[in-house]
Amino acid sequence: MGLIAAAIAVGLGALGAGIGNGLIVGRTVEGIARQPELRGVLQTTMFIGVALVEALPIIAVVIAFIVMNK
């Protein structure tokens, strides 16, 4: 049962991060297309957002390892 829970945790974490990254990058590209002079600011903000979103699958993997050990 623990293996199934771990697989679900990692899978949903990766799915959520993929969707989140897609939305962040897509909106950044839209913003750059509308105001090219803000490219640097938008990219910096995008990279911070992507880094925060990427923390989710890492946390999911840690939780999956904890569940598998019990």
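Residues numbered from 1 in each chain as written. Predicted model: local features only at pLDDT ≥ 70, side-chain atom pairs only at ≥ 80, totals over all residues. Heavy atoms only, no water.

Per an unreviewed UniProt entry, the recorded name for the protein is ATP synthase subunit c, and the organism is Kurthia zopfii. In its Sequence similarities (unreviewed entry) section, UniProt records this for the protein: "Belongs to the ATPase C chain family." (UniProt positions renumbered as here; feature names shortened; annotations may be inferred.)

### Regarding a nonpolar patch on the surface
Side chains of Met1, Ile4, Ile8, Leu12, Leu15, Ile19 and Leu23 sit close together on the surface and give an oily, nonpolar patch of about 790 Å² of accessible area. Here Ile4 shows up in helix H1 (residues 2–34). When its relative accessible area of 52% is taken as the criterion, Ile4 is described as exposed. (Patch = residues over 30% accessible without salt bridge, like charges linked within 9 Å, V, L, I, M, F, W, Y side chains within 5 Å. Areas by Shrake-Rupley, 256 points an atom, 1.4 Å probe, with all protein chains shown as cover. Salt bridge = Lys/Arg side-chain N within 4 Å of Asp/Glu carboxyl O. Helix = DSSP H or I, 4+ residues; strand = E, 2+ residues; numbered from the N terminus. Buried < 20%, exposed > 50% of the residue type's maximum accessible area, 1.4 Å probe, protein only.)

### With respect to the UniProt feature "transmembrane region" (unreviewed entry) in the protein
Per the UniProt entry, the sites bearing "transmembrane region" (unreviewed entry) are residues 46–68 in this numbering. As annotated, residues 46–68 comprises 100% helix and 0% strand, and the C-alpha atoms at either end are separated by 34 Å.

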